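# Examination of the molecular architecture
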Amino acid sequence: MDAAVVTDTTLAIAADYDNRPDALIEILHRVQAAVGYVPEEVVQTLADTLNLSRAEVHGVVTFYHDFKREPHGRHVLKMCRAESCQSMGGEALVKVAEARLGVSCGGTTADHSMTLEPAYCFGLCAMSPAAMMDGRPIGRMNEARLDALLREARS
């Protein structure tokens, strides 16, 4: 999406909230849903439109981990790295996923088919290690399940 379209989209979404600064998080979520991430030009556009400093908008975007600063892959695999999942082999599975995808955790494959992200608890501790693929939680993750998920995502 080109910069002019991103700006127009951002301005239209902000207008839906009467350009209220207290709606910043909701506006950012909608912009991300429309654009796929929060591009840098959105930060300045919202700062100007909502009468906030650039630092205030930037602070919100960078504080909340769900706001993406770069385009992510068509599929997003989140792997839990919290203590319960670590104790059940989750870190080894993260290494396997990194090797299979050829990216470090937090990265996106060169073809933009997959993003591998760290997560810190899905509330599935009794079914550790856990992951989430495109918003779908998966408990008792193992290498075979990981491979099946990656095959499914590539098809």
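The structure under discussion appears in the preceding block.
Read on for a plain summary of the structure. The structure displayed is predicted, hence computed values, not measured ones.

The next thing to look at is helix α4 (residues 54-63). When α4 is considered as a whole, its buried residues turn out to be V57, V60 and V61. Along the long axis of α4, the arc covered by the buried residues comes to 95°, so they all point the same way. With respect to the buried face of α4, the exposed residues turned more than 90 degrees away are A55 and F63. Looking at the packing, one finds that the buried side of α4 touches α2 (24-35) and α3 (40-50).

The next point concerns the nonpolar core. The biggest cluster of nonpolar side chains holds 20 residues, and the ones touching the most others in it are L24, I27, L28, V42, L46, V57 and V61. For this core, the secondary-structure elements that each account for two or more residues are α1 (3-16), α2, α3 and α4. With sequence-adjacent residues up to four places away left out, V57 is seen in contact with L24, V43, L46, A47 and L52. In terms of nonpolar packing, the next biggest core, distinct from the first, is built from 19 residues, L93, M141, L149 and A153 among them.

The rules behind the values
Residues numbered from 1 in each chain as written. Predicted model: local features only at pLDDT ≥ 70, side-chain atom pairs only at ≥ 80, totals over all residues. Heavy atoms only, no water. Buried < 20%, exposed > 50% of the residue type's maximum accessible area, 1.4 Å probe, protein only. Helix = DSSP H or I, 4+ residues; strand = E, 2+ residues; numbered from the N terminus. Arc of directions from axis to C-beta. Contact = heavy atoms within 4.5 Å. Core = buried A, V, L, I, M, F, W, Y, C linked by side-chain atoms within 4.5 Å.

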